[in-house]
Amino acid sequence: KMQENLRQYAHFLEGGGHGLYVHIPFCQARCGYCNLFSVTGRKAESVDGYLDAVERQSRQYREILTPFGTSFSHLTIGGGTPLYLTPPQLERMFFILKEYFSFAENRELAVETAPNQTTPEKLEVLKRVRTTRISLGIQSFSDRELKMLKRQHSGQKAREALKLLRAFGFPCINVDFIYGIPGQTCESLLDSLGEALEYEPEEIFLYPLYVKR
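What counts and what doesn't
Residues numbered from 1 in each chain as written. Predicted model: local features only at pLDDT ≥ 70, side-chain atom pairs only at ≥ 80, totals over all residues. Heavy atoms only, no water. Helix = DSSP H or I, 4+ residues; strand = E, 2+ residues; numbered from the N terminus. Expected span 1.5 Å × (residues − 1). Buried < 20%, exposed > 50% of the residue type's maximum accessible area, 1.4 Å probe, protein only. Contact = heavy atoms within 4.5 Å. 1 Å grid on protein atoms, 1.4 Å probe; cavity = no way out; pocket = protein on both sides within 12 Å on 5 of 7 lines; lining within 4 Å. Points joined across faces, edges and corners; volume = space filled by probe spheres on them. Nonpolar A, V, L, I, M, F, W, Y, C, P; charged D, E, K, R; others polar. Axes fitted to C-alpha atoms, helices over the stretch in contact; angles between N-to-C directions. Left-handed = near helix turned anticlockwise from the far one by under 90°.

1. With respect to helix H2 (residues 44-65)
Item 1. Taking 1.5 Å of rise per residue, 22 residues should cover 32 Å, and H2 covers 31 Å from first to last C-alpha, within 8% of that figure.
Item 2. Listed in full, the buried residues belonging to H2 are Val47, Leu51, Val54, Glu55, Ser58, Ile64 and Leu65.

Below, the structure written as structure tokens:
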């Protein structure tokens, strides 16, 4: 059914200038505020199985889109936590995308990450595939506020991840923060934002905490 639906609307994707989003649903743990589709505690075999499915579906998409000369100028890898994948799994994911989709020469590539999963080995993979934007979910530098959000990283781990991203010289680094955390004050929020500015990110995204009832 999904394939038939894509065939019905594929003509809207004729030519270039389109955006492609790939969802990686794996996370170390589920954050208290998250309402996105994600799964936790999965082993490498589960991730490999997911990538098998991504490849099968990508092959179907290529068959449908090739007659329309579809080319993508934007590629976003979101989640979940895309860097939950091992370096070889990341390499395979980007190979699949390059094999089955057509991209503009100067395409933009944005990848989401979290502090605990931001390692030199994984960033080397992102550097090789010409990642243009890294989005780092920090939410707060306060360990108390992070615990309230059920985040798995510490403020120190976030600092280390930001320093590492800067060392790799990605063109654009954006960091995410949340306001409205129980017990958070204007002072503590401004402290986190002020500290983030010390790392000179290109952008800071500030989100309200949504309470699910």
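2. Concerning helix H3 (residues 87-100)
Item 1. Counted at 1.5 Å a residue, the expected span for H3 with its 14 residues is 20 Å, and the 20 Å between its end C-alpha atoms agrees.
Item 2. Elements in contact with the buried residues of H3: strand E1 (18-24), H2, strand E4 (72-79), strand E5 (103-113) and helix H4 (120-128).

3. Overview of the layout of surface pockets
Item 1. Empty space within the second largest pocket amounts to approximately 260 Å³.
Item 2. Phe94, Lys98, Phe103, Arg107 and Val129 are, among the 14 residues lining the second largest pocket, the residues nearest its centre.
Item 3. Those elements that place two or more of their residues in the lining of the second largest pocket are H3 and E5.
Item 4. Across the lining of the second largest pocket, the residue classes break down as eight nonpolar, no polar and six charged.

4. A few points about the environment of Asp143
Item 1. With respect to the helices, strands and loops of the structure, Asp143 is situated in helix H5 (residues 143-148).
Item 2. With a relative accessible area of 48%, Asp143 lands in the partly exposed category.
Item 3. Every residue in contact with Asp143, bar those within four places of it in the chain, is listed here: Ser154 and Gly155.

5. Focus on the packing of H4 against helix H6 (residues 155-168)
Item 1. Taken N-terminus to C-terminus, the directions of H4 and H6 make an angle of 35 degrees; their axes are 11 Å apart at the nearest point. In this structure, H4 crosses over H6, and the sense of that crossing is right-handed. Only Leu164, Leu165 and Phe168 of H6 make contact with H4, whose side of the interface consists of Pro120, Leu123, Glu124 and Lys127.
Item 2. Taken together, the residues that form the contact of H4 with H6 break down as five nonpolar, no polar and two charged.

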